[in-house]
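An overview of the molecular structure
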Amino acid sequence: MIEKNFITSGRNTLIHKIKKFDLLIVNGDHPVVIVSHRGIGVYKGAMPSKRSEAKKAYQEVIDISSIDVFGEEKTLVFIQALDNKEYKLDYSKVGTASFIKVHQDNYI
């Protein structure tokens, strides 16, 4: 069994588990979001084309619409990051300051 660097919770929540790996979140044609142990932001780098390339760069690509994750594209995704904050990604507000917001400051 392959160990994942994240856990899904409920219908639209991802929990980042391992500090060593960054998560690259793909949701259809929307911008790719990176989640690291320091926070969250829009990813500006080149997307790894293979899983092995991502692993060498200490990244994991998560496709929200894959059957292993949520099975469909989402408009609203919550991410519990390792910086002790829960973030809200509102894909209906891409390109605005409201796209990535802190939802809860201390979720633990």
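Residues numbered from 1 in each chain as written. Predicted model: local features only at pLDDT ≥ 70, side-chain atom pairs only at ≥ 80, totals over all residues. Heavy atoms only, no water.

**Describing unusual backbone geometry**
Threshold: In this description a helix means any DSSP run of H or I spanning at least four residues, a strand means any run of E spanning at least two, and both kinds are numbered starting from the N terminus. Each residue gets one of three labels from its accessible area relative to the maximum for its type: buried under 20%, exposed over 50%, partly exposed in between, using a 1.4 Å probe on protein chains only.
In this structure, Tyr-58 takes a positive phi of about 60° despite not being glycine. Of note, Tyr-58 is situated in the loop between helix H1 (51-56) and strand E6 (59-63). Classification of Tyr-58 as partly exposed rests on a relative accessible area of 41%. Even without glycine at this site, Asn-84 takes up a positive phi of about 70°. With respect to the secondary-structure elements, Asn-84 resides in the loop between strand E7 (76-80) and strand E8 (86-90).

**Quick word on the environment of Asn-12**
Stated precisely, the cut-off is as follows: Two N or O atoms count as a polar contact when they lie within 3.5 Å, although within protein this holds only if one can serve as hydrogen donor and the other as acceptor, and sequence-adjacent residues are included solely when both atoms are side-chain atoms.
Looking at the secondary structure, you find Asn-12 in the loop between strand E1 (6-9) and strand E2 (13-16). Along the sequence, Asn-12 and Val-77 sit 65 residues apart, while their C-alpha atoms lie 5.1 Å from each other. Of the polar contacts made by the side chain of Asn-12, one reaches the backbone oxygen of Leu-76; its length is 3.2 Å.

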